[in-house]
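What follows is the residue order along each chain.
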Amino acid sequence: MFSSSHNNDNSHWYLVQCKPRESFRAVLNLENQGYTCFHPTYYVKRKRAGSIVLVLEPLFSHYLFIQLSPSDNWSFIRSTRGVSRLVYFDGIPAKLDGFMIEALQRQCAKLNGEPVQSLYQVGDAVVITEGCFKQIEAIVTAVSGDERVCLLLNLFNRQQSVELPVEALEKVA
């Protein structure tokens with residue numbers, strides 16, 4: 001999610017801190033006010049109502065980048081819905097390297113909406129929610145594509161390895 005910028009020599013990228021879980025609202029409202037923003041996002045798999053869904057999440061939770069020049073009206077940023085504040089260091093707005101932002105933009109464009117994070121990672125503690133092993137806790141030992149995981153579980157004082165579909169598991173809280 002980013003707008004193309006006017007990229008004049010007077011404009012720079014700055015860091016905006018957003019209110020918790022409101023970064024998407026903040027970027028929408030800032031762009032509606034005419035500001036150029038960059039909000040790096042990626043897709044993750046989540047289990048919702050028993051099925052696996054792709055969810056778009058911010059790469060940096062609570063933060064987004066905004067391009068501003070000295071002639072822009074900065075006073076409206078803080079009062080924008082979803083925005084907590086413009087980040088300052090020693091009383092000076094946190095100015096970011098334009099090359100870093102361009103590299104992030106290129107990397108996010110390469111991902112092109114493909115999931116980059118599996119639902120389960122090696123070492124995750126899970127509980128089996130379906131089948132003959134229902135309610136047994138296990139540890140993820142391998143991820144077999146996007147649909148299945150290998151688990152290590154303790155049965156009759158022996159460690160057993162099984163492979164199950166991701167829909168039959170939940171992470172242990």
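Residues numbered from 1 in each chain as written. Predicted model: local features only at pLDDT ≥ 70, side-chain atom pairs only at ≥ 80, totals over all residues. Heavy atoms only, no water.

## Side note on the overall build of the protein
(1) Moving on: Within the protein, the regular secondary structure consists of three helices and 15 strands.
(2) Moving on: Summarising the internal contacts of the protein: among those between residues at least 6 apart in sequence, 61% fall at separations of at least 24. (Helix = DSSP H or I, 4+ residues; strand = E, 2+ residues; numbered from the N terminus. Contact = heavy atoms within 4.5 Å.)

## Side note on helix α1 (residues 23–32)
(1) Moving on: Taken together, the buried positions of α1 are occupied by Ser23, Ala26, Val27 and Leu30. In a view along the axis of α1, the buried residues occupy a sector of 95°, so they form one face of it.
(2) Moving on: Check the buried side of α1 and you find it contacts β1 (12–18), β2 (36–38), β4 (51–58), β5 (63–68), α2 (75–78) and β6 (83–86).
(3) Moving on: Looking one or two residues beyond α1, the residue adopting positive phi is Gly34, at roughly 95°. (Buried < 20%, exposed > 50% of the residue type's maximum accessible area, 1.4 Å probe, protein only. Arc of directions from axis to C-beta.)

## A look at the pattern of salt bridges
(1) Moving on: The final tally for this structure, using the stated rule, is three salt bridges.
(2) Moving on: A salt bridge links Glu22 to Arg25, with the nearest nitrogen and oxygen atoms 3.6 Å apart.
(3) Moving on: Residue classification places Glu22 among the partly exposed positions, given a relative accessible area of 23%.
(4) Moving on: Arg25 gets classed as partly exposed once you look at its relative accessible area, which sits at 38%. (Salt bridge = Lys/Arg side-chain N within 4 Å of Asp/Glu carboxyl O.)

## Some words on the environment of Val87
(1) Moving on: Mapped onto the secondary structure, Val87 falls in the loop between β6 and β7 (88–89).
(2) Moving on: On the basis of relative accessibility, which here comes to 5%, the residue Val87 falls in the buried class.
(3) Moving on: For the pair Val87 and Val16, spaced 71 residues apart in sequence, the C-alpha separation works out to 5.7 Å.
(4) Moving on: When sequence neighbours within four positions are dropped, the list of residues in contact with Val87 reads Leu15, Val16, Gln17, Tyr63, Ile92, Pro93 and Ala94.

## Concerning the packing of aromatic side chains
(1) Moving on: Tallied over the full model, the rule gives three aromatic pairs.
(2) Moving on: For the ring pair Tyr14 and Trp74, a centre distance of 4.9 Å and an interplane angle of 65° mean the geometry is edge-to-face. In this pair, Tyr14 sits in strand β1 while Trp74 sits in the loop between β5 and α2, placing the two residues 60 residues apart along the sequence.
(3) Moving on: Given a relative accessible area of 25%, Trp74 falls into the partly exposed group.
(4) Moving on: Between Phe38 and Phe65, the ring centres sit 5.9 Å apart and the planes meet at 20°, which makes this aromatic pair stacked. Taken as a pair, Phe38 in strand β2 and Phe65 in strand β5 lie far apart in primary sequence, 27 residues in all. Accessibility classification places Phe38 together with Phe65 in one group, the buried group. (Phe/Tyr/Trp six-rings, centres within 6.5 Å; stacked < 30°, edge-to-face > 60°.)

## With respect to the pairing of strand β14 (residues 158–165)
(1) Moving on: In terms of strand pairing, strand β13 (residues 148–155) meets β14 through eight bridges, oriented antiparallel. Bridging from a neighbouring strand, Leu152 pairs with Ser161 of β14.
(2) Moving on: Between β13 and β14, which pair antiparallel and follow one another directly, the connecting turn spans two residues, one of which, Phe156, has a positive phi of 55°. (Pairing = 2+ DSSP bridges.)

## Here we look at the sheet that holds β14
(1) Moving on: Taken together, the five strands give an open sheet; going across it, the order is β14-β13-β12-β11-β15, and neighbouring strands pair in antiparallel fashion. The sheet is open, and its two borders are formed by β14 and β15 (169–171), each paired with just one other strand. Taking each pair of neighbouring strands and ignoring which way they run, the sheet shows an average axis angle of 40°. (Axes fitted to C-alpha atoms, helices over the stretch in contact; angles between N-to-C directions.)

## Some thoughts on unusual backbone geometry
(1) Moving on: The phi dihedral of Arg21 is positive, around 60°, even though this residue is not glycine.
(2) Moving on: The exposure class assigned to Arg21 is exposed, which follows from its relative accessible area of 82%.
(3) Moving on: Positive phi values are uncommon outside glycine, yet Gln135 reaches one of about 75°.
(4) Moving on: Here Gln135 is to be found in the loop between β11 (125–128) and β12 (137–144).

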